[in-house]
Amino acid sequence: MQGSPSTSILQTLSASCRLLPMATPSMDVEAGSNKRKKGVYQDLVLAYKTLGVVFGGLVTSPLYVYPSMNLRNPTEQDYLGIFSIMFWTLTLIGVVKYICIALNADDHGEGGTFAMYSLLCQHANIGVLPSKKIYVEEPEGLAASARPAAGVVAGRPSRLRRFIEGSLVARRLLLLTVILGMCMLIGDGILTPAISVLSAIDGLRGPFPSVSKPVVEGLSAAILVGLFLLQKYGTSRVSFMFSPIMAAWTFTTRIIGAYSVWRYYPGVFKATSPHYVVMFFMANKRRGWQLLGGTVLCITGAEAMFADLGHFSKRSIQIAFLSGVYPSLVLTYAGQTAYLIKNVDDFGDGFYKFVPRAVYWPMFAVATLAAIVASQSLISATFSVVKQSVALDYFPRVRVVHTSRDKEGEVYSPEANWVLMLLCVGVVIGFGDGKDIGNAFGVVVILVMLITTVLLTLVMLIIWGTHVALVALYFVPFLAMEGAYVSAVCTKVLKGGWLPFAVSVVLAVVMFGWYYGRQRKAEYEMANKVTLERLGELLPGVHRVPGLCFFYSNVPTQQDWLTPVLAHYVKNVRSLHGVTVFLTLRYLLVAKVDAKDRVAVVRRLAGGVYGCTMQYGYADRLDFEEDDLVGQVVSALRELMETEGEEEVARLEEARAAGVVHVRGKMRFHIGKDTGFFDRVLLGFYEFLHGACRSALPVLGVPLQQRVEIGMLCKA
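Right, let's walk through the structure included here. (Residues numbered from 1 in each chain as written. Predicted model: local features only at pLDDT ≥ 70, side-chain atom pairs only at ≥ 80, totals over all residues. Heavy atoms only, no water.)

Below, the discussion takes up the overall build of the chain. When helices and strands are tallied, the chain shows 26 helices and 10 strands. In the chain, buried positions account for 56% of the 716 residues. Summed over its atoms, the accessible surface of the chain is roughly 29,900 Å², and 62% of this surface lies on carbon and sulfur atoms. (Helix = DSSP H or I, 4+ residues; strand = E, 2+ residues; numbered from the N terminus. Buried < 20%, exposed > 50% of the residue type's maximum accessible area, 1.4 Å probe, protein only. Areas by Shrake-Rupley, 256 points an atom, 1.4 Å probe, with all protein chains shown as cover.)

As structure tokens, this is what we get:
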């Protein structure tokens, strides 16, 4: 490869100045090779770590699939039909849908329902976020990397996109679907730990029939408490501890599965032919349809492959699933089926019964540890979803801790962790019976997957521009399969399936209450805005005190107006700092914003008053030091002031040296006697949530002694 003359000169100068050897083509090839090797090595290491986080729920599903089925006098053909259904469910949903398609619908490395929704919002005007839409259009000052990505499909928008953009009902239905998916995923995070640990500990009752259910429930609850106490150490450390356990589990279960196939029924793999599925439904009819509510559990945890994408990488998840998880599951279910064909009435304990006696206790220990690890996949996914929804202003602020310096997507929320722990323990103690939890679990599993199917179809049509015929080849089969599963699990709503719906209703009420309050607050700010002309009228009679003030606002800096809290502050205090910066932290519907593009807009509003917009994606870290925040803004202000003269720069440095203060306006609704019933209820609920949630300033790492909060009441 021949370099240009200018490149050769630069290389020569670099060599003479730094006394380093000049780069050669062979060195470039070697560097590229080393980079590729390093990339492969990192993918393999991450693939190993995914076993301890992403795939825990999926690979431990053999513990409870057969026990969750209410079989009656099953025959050899019934078992072959059930295995055929599980094989094709794992293949179509696990391999085709998630590994081949869904992992490509990421938003800057983030996965899940909210990530797909934000991806759609970037390519079409379908969002209904109040705080994002009420302030008109995107500013010209936004850096290119921070703007919503340009559409993959050039040219005229599709008919579907135009319909959704033009229909408020369609946009709200889409948002409702996304919220339901998020709520169901959190429900999955509650039920996965409960059913996994309970099913594993229930293995004690085989060799020790005297062990009662309350003892099993108590041990399961104690193990779950210990698991949630470990969450504060972060996904990387937890996966480092857990991955060896899951590697042992996937290895041992496939060995035992292969042994059982060889010993009991070597011809079990003939059931991979889809005609066994047809024969099963023809023979069992309505009963076969009802049994789908149990077989759906074989794909439990598959959604975590997509939802946990921010914790790992697409390639690492694909490697782990195709090389380890998928073959292990197929062999394990084949071994269980082979055993049950010869022991047709042992389905109530379908896992431990097919384990050879000689390795029962070692497998019990591995199964118990694996069940504990299985809980991690949906716990991590829940943290990611909560973080995304908080960043997009759909959920009250909770503390989100980034537990890794290298992987931005690794997060932990203490509040979400404790709530999940209490609910998991409550499910174990309240339900006790694994079949009832399995009924609730099936509802969650398939509804989340159906919502993912719908959103993926929209991504294909609106963003990827896939031909309608190809989209139909994806959508119709998966809608039919998952629709059949949904219809089957809905018959179990009264037998435990009500739980995820109850959890979803509570979460949806919280999210809607928060959404409505934020919308009303944005509307009030718009109606009572302080224009730049009004600011010019207020400043002459205001005393300027030494210091640098950061005044936080939700109003984008590029707008020619400011928050009404400013007028309230100036009228009552009659003073303002020498240099006052109205700082807007702008969350964009992208996962991440480059550090160099964080300070997007800096402008002079009046004498000593400036506006600044710092932008972040929903997966970016905000827990930086206070000096970093001040340093970034001051650096941007200095560049602006250098064009105005040295006096302005000196004034800025003098103000910073005098002291920095961070002011946050806090508007609260005053609910009077003349407030309508609807507003009285919803805004009262919003005020309760607002009072209970965390302030935005502690998240930014602002020292306590530099914080000032200004309250303002507005009429509801």
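To continue, consider the packing of aromatic side chains. Inspection of the entire model under this criterion finds 20 aromatic pairs. For the ring pair Tyr264 and Tyr339, a centre distance of 5.2 Å and an interplane angle of 85° mean the geometry is edge-to-face. Here the residue Tyr264 occupies a position in helix H11 (residues 235-264), and Tyr339 occupies one in helix H15 (residues 314-342), the gap between them amounting to 75 residues. Between Trp361 and Phe364, the ring centres sit 5.6 Å apart and the planes meet at 80°, which makes this aromatic pair edge-to-face. With Trp361 and Phe364 both in helix H16 (residues 360-391) and 3 residues apart, this pair spans about one turn of that helix. On the basis of relative accessibility, which here comes to 11%, the residue Phe364 falls in the buried class. The structure contains a cluster of three or more aromatic residues connected by ring pairs, namely Tyr352, Tyr360, Trp361 and Phe364. (Phe/Tyr/Trp six-rings, centres within 6.5 Å; stacked < 30°, edge-to-face > 60°.)

It is worth spelling out the environment of Ala365 at this point. Counting through the fold element by element, Ala365 comes out in helix H16. Measuring from C-alpha to C-alpha, the distance between Ala365 and Gly203 comes to 9.9 Å, with 162 residues separating the pair along the chain.

Looking at where Trp262 falls in the secondary structure, it is placed in helix H11. On a C-alpha basis, the gap between Trp262 and Gly335 in space is 8.5 Å, while along the polypeptide they are 73 residues apart.

Turning our attention to helix H19 (residues 468-489). Counted at 1.5 Å a residue, the expected span for H19 with its 22 residues is 32 Å, and the 30 Å between its end C-alpha atoms agrees. Listed as buried for H19 are Val471, Tyr474, Phe478, Met481, Glu482, Tyr485, Val486, Ala488 and Val489. (Expected span 1.5 Å × (residues − 1).)

For the rest of this paragraph, the subject is a nonpolar patch on the surface. There is a patch of nonpolar side chains on the surface, built from Val40, Leu44 and Ile319 and spanning about 240 Å² of accessible area. Within the element layout of this structure, Ile319 appears in helix H15. (Patch = residues over 30% accessible without salt bridge, like charges linked within 9 Å, V, L, I, M, F, W, Y side chains within 5 Å. Salt bridge = Lys/Arg side-chain N within 4 Å of Asp/Glu carboxyl O.)

In a structure, side chains of opposite charge can pair up when their charged atoms sit close to one another. Within this structure, the stated rule accounts for 10 salt bridges. Asp43 is paired through a salt bridge with Arg315; the nearest N and O atoms lie 3.5 Å apart. Residue Asp43 is located in helix H2 (residues 25-53), and its partner Arg315 is located in helix H15; the two are separated by 272 residues in the primary sequence. Its relative accessible area of 52% is what places Arg315 among the exposed residues. Among the salt bridges present, the one from Lys666 reaches Glu709, with a minimum N-O distance of 3.7 Å. Of the two residues, Lys666 is situated in strand E9 (residues 660-670) and Glu709 in strand E10 (residues 707-715); the sequence distance between them amounts to 43 residues.

Moving on, we get to the packing of helix H5 (residues 76-101) against H15. Direction vectors running N to C along H5 and H15 enclose 175°, while the axes themselves pass 9 Å from each other. It follows from the interaxial angle that H5 and H15 lie roughly antiparallel. Where H5 abuts H15, its residues Glu76, Tyr79, Leu80, Phe83, Met86, Phe87, Leu90, Thr91, Gly94, Val95 and Ile99 lie against Ile317, Gln318, Phe321, Leu322, Tyr326, Leu329, Val330, Tyr333, Ala334, Thr337, Leu340 and Ile341. Tallied by class, residues from the contact of H5 with H15 come to 18 nonpolar, 4 polar and 1 charged. (Axes fitted to C-alpha atoms, helices over the stretch in contact; angles between N-to-C directions. Parallel < 35°, antiparallel > 145°, perpendicular 65-115°, else oblique. Contact = heavy atoms within 4.5 Å. Nonpolar A, V, L, I, M, F, W, Y, C, P; charged D, E, K, R; others polar.)

All quantities given are derived from atomic positions and should not be read as evidence of function.
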